[in-house]
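Fold and contact review
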Amino acid sequence: MTIRLSGLRRGIAGAAFLLAASIPAFAADAPLPSWNATPTRDAIIAYVTRITTPGSPQFVDPGARLAVFDNDGTLWSEQPLYVQLFYVIDRVKELAPLHPEWQTQEPFASVLKGDIKGALSGGYDALMALSAATQSGMTTTAYIDGVENWIATAKNPVKDRRFLDMTYQPMLELLAYLRANEFKVFIVSGGGMDFMRAFTEPAYGVEPENVVGSTGALKFQIVDGDPVIMKEPAVTFVDDGPGKPVGIETHIGRKPIFAFGNSDGDIQMLQYTCVDPSVTFCALVHHTDGVREFAYDRNSSMGRLDKGLDAAAANGWTLVDMAKDWSVVYPPAK
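Everything numeric here is computed off the predicted structure, so don't read it as measured data. (Residues numbered from 1 in each chain as written. Predicted model: local features only at pLDDT ≥ 70, side-chain atom pairs only at ≥ 80, totals over all residues. Heavy atoms only, no water.)

**Overview of the confidence of the model for the chain**
- Residues of the chain with pLDDT of at least 70 account for 91%, and the chain-wide mean is 92.
- The secondary structure element of the chain with the lowest average pLDDT is helix H1 (residues 7-29), at 42, and the one with the highest is strand S1 (residues 66-69), at 99.
- Across residues 8-28, confidence stays below pLDDT 50; counting only partners more than four residues off in sequence or on other chains, it has 27 contacts. (pLDDT = per-residue confidence, 0-100. Helix = DSSP H or I, 4+ residues; strand = E, 2+ residues; numbered from the N terminus. Contact = heavy atoms within 4.5 Å.)

**Here's the deal with the nonpolar core**
- Within the largest apolar cluster, 69 residues are counted, with the highest numbers of intra-cluster contacts made by Phe-69, Leu-174, Phe-258 and Phe-260.
- Residue contributions to this core peak at eight residues, all from helix H3 (residues 83-95).
- Non-local contacts of Phe-69, meaning those with residues more than four positions away in its chain, are made with Thr-74, Leu-75, Met-171, Leu-174, Leu-175, Leu-178, Val-185, Phe-186, Ile-187, Val-188, Phe-258 and Phe-260.
- Core analysis: the next-biggest nonpolar cluster, separate from the first, contains 19 residues, Leu-66, Phe-186, Cys-274 and Leu-309 among them. (Core = buried A, V, L, I, M, F, W, Y, C linked by side-chain atoms within 4.5 Å. Buried < 20%, exposed > 50% of the residue type's maximum accessible area, 1.4 Å probe, protein only.)

**Concerning the state of the cysteines**
- Applying the stated rule across the entire model yields one disulfide.
- Across a sulfur-sulfur distance of 2.2 Å, Cys-274 and Cys-282 are joined as a disulfide pair. Judged by the sign of its S-S torsion, about 110°, the cystine formed by Cys-274 and Cys-282 is right-handed. Considered together, Cys-274 and Cys-282 belong to a single accessibility category, that of buried residues. (Disulfide = S-S within 2.5 Å.)

**A short note on a nonpolar patch on the surface**
- A cluster of nonpolar side chains, contributed by Leu-218, Phe-220, Ile-222 and Ile-229, occupies part of the molecular surface with about 400 Å² of accessible area.
- Among the elements that line the nonpolar patch, the one with the most residues is strand S5 (residues 211-223), at three residues.
- Tracing the backbone through its elements, the reader meets Phe-220 in strand S5. (Patch = residues over 30% accessible without salt bridge, like charges linked within 9 Å, V, L, I, M, F, W, Y side chains within 5 Å. Areas by Shrake-Rupley, 256 points an atom, 1.4 Å probe, with all protein chains shown as cover. Salt bridge = Lys/Arg side-chain N within 4 Å of Asp/Glu carboxyl O.)

**Details of the pairing of S1**
- Alternating positions in S1 separate into two faces, Leu-66 and Val-68 on one and Ala-67 and Phe-69 on the other, with burial throughout.
- Sheet topology note: the S1/strand S4 (residues 184-192) ladder contains four bridges and is parallel. If you follow Leu-66 over to S4, its bridge partner there is Lys-184.
- Alignment of S1 against strand S7 (residues 258-261), held across three bridges, turns out to be parallel. By the bridge assignment for S7, Ala-67 is matched with Phe-258. (Pairing = 2+ DSSP bridges.)

**Some words on the packing of helix H2 (residues 39-52) against helix H8 (residues 169-180)**
- Taken N-terminus to C-terminus, the directions of H2 and H8 make an angle of 15°; their axes are 11 Å apart at the nearest point. By the angle between their axes, H2 is roughly parallel relative to H8. The crossing of H2 and H8 is right-handed. Contact with H2, carried on its side by Ile-44, Ile-45, Val-48 and Thr-49, involves Leu-174, Tyr-177 and Leu-178 of H8 and no other residues of that element.
- Partitioning the contact of H2 with H8 into residue classes produces six nonpolar, one polar and no charged. (Axes fitted to C-alpha atoms, helices over the stretch in contact; angles between N-to-C directions. Parallel < 35°, antiparallel > 145°, perpendicular 65-115°, else oblique. Left-handed = near helix turned anticlockwise from the far one by under 90°. Nonpolar A, V, L, I, M, F, W, Y, C, P; charged D, E, K, R; others polar.)

**What about the sheet that holds strand S9 (residues 318-321)?**
- Taking strand neighbours across the sheet as the criterion, the seven strands line up as S6-S5-S4-S1-S7-S8-S9 in an open arrangement whose pairing is mixed. Unpaired on one side and paired on the other, strand S6 (226-237) and S9 mark the two borders of the sheet. Pairwise comparison of adjacent strand axes, ignoring direction, gives a mean angle of 35° for this sheet.
- Note: strand S8 (residues 281-286) against S9, four bridges, orientation parallel. Paired with Val-285 across the bridge in S9 is Val-320.

**Thoughts on the pattern of salt bridges**
- All told, the structure shown has eleven salt bridges when counted by the stated rule.
- With a shortest N-O distance of 3.8 Å, Arg-65 and Glu-182 are connected by a salt bridge. Placement of the pair is Arg-65 in the loop between H2 and S1 and Glu-182 in the loop between H8 and S4, with a sequence separation of 117 residues.
- Two residues, Asp-194 and Lys-231, come together in a salt bridge whose shortest N-O distance is 3.1 Å. A residue pair is termed long-range when its members are at least 10 positions apart, and Asp-194 in helix H9 (residues 193-197) and Lys-231 in strand S6 qualify at 37 residues. In terms of burial, Asp-194 and Lys-231 fall into one category: buried.
- One connected set of salt bridges, linked through shared partners, spans Asp-70, Lys-244 and Asp-266.

**Some thoughts on the pairing of S6**
- Alignment of S5 against S6, held across eight bridges, turns out to be antiparallel. Note on S6: the bridge partner recorded for Thr-215 is Phe-237.
- Between S5 and the antiparallel strand that follows it, S6, lie two residues; Asp-224 among them carries a positive phi value of about 55°.

**A word on H2**
- Helix length check: H2, at 14 residues, gives a terminal C-alpha distance of 20 Å against a target of 20 Å (1.5 Å per residue), a fit within 8%.
- Listing the buried residues of H2 in full gives Thr-40, Ile-44, Tyr-47, Val-48, Ile-51 and Thr-52. Mapping the buried residues of H2 onto a view down its axis gives an arc of 110°, with all of them on the same face.
- On its buried face, H2 sits against H8, S7, S8, S9 and helix H14 (322-325). (Expected span 1.5 Å × (residues − 1). Arc of directions from axis to C-beta.)

Structure representation (structure tokens):
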């Protein structure tokens, strides 16, 4: 049987291999080059050095070095809307000719008019209706191929950059630094698991099997003689807030020792991780840079960091000040 790389993965497999080959060298010789020389960078390096040095009282065996990262707002930009929501909006427009009833049926009518705020005013029910109509009724393979094709060119309308070019360079370096120090890296995020699995390997070097996310109902079928997994409209698990520790236990089966998030939805993941501060590290990205990225925290509708700011202060978690701690935000556009 031949195993093939599909869509986006085929196009960048060579580049990804070259990048992976170069990571250990720069990670070991000059860790975190896009991080400014601040206490934040020093704390990360000191922690990794402490738990990876044989003979250290806090030495952690490589098999127990697990790191978990949120995705939206932690590894790439999440403003003005989550990337997956942009995908859903584009899918509504793409499918609209097949659904003339959407011209008057909410929340689809508002999406087609460009009134995204109005479409989302229906809350959870509206979001689920949009998601079910655009992300089910197909095989998982067809869905992932569709996401790969879309994200290869899709752009953020505010920054006019491809979403794939809005990953955070300092966080890419952190992932590489951890891998160079024998960490296993996982993404644990509220986004759809199938959606993220379409791009996390080329974007971050995180394999699909190391991605934990929200899930919908799936069904095994034989279609035209081929065994397939079909996506159904029901949501079965939301990997956000208290769902994140459950997702970690269900999919990973071990507690991490390193956790990174950016919003109130990550609090429980950090609580679950940082029980023993001598051998664990927890941090939140604080979006303080309104020039190079976006500035927001307590009052944001996307990636709100309100209770998380207070929890960080109470628990001694590290706050990454994007404006002060990062010398660059995005990598050069490809």
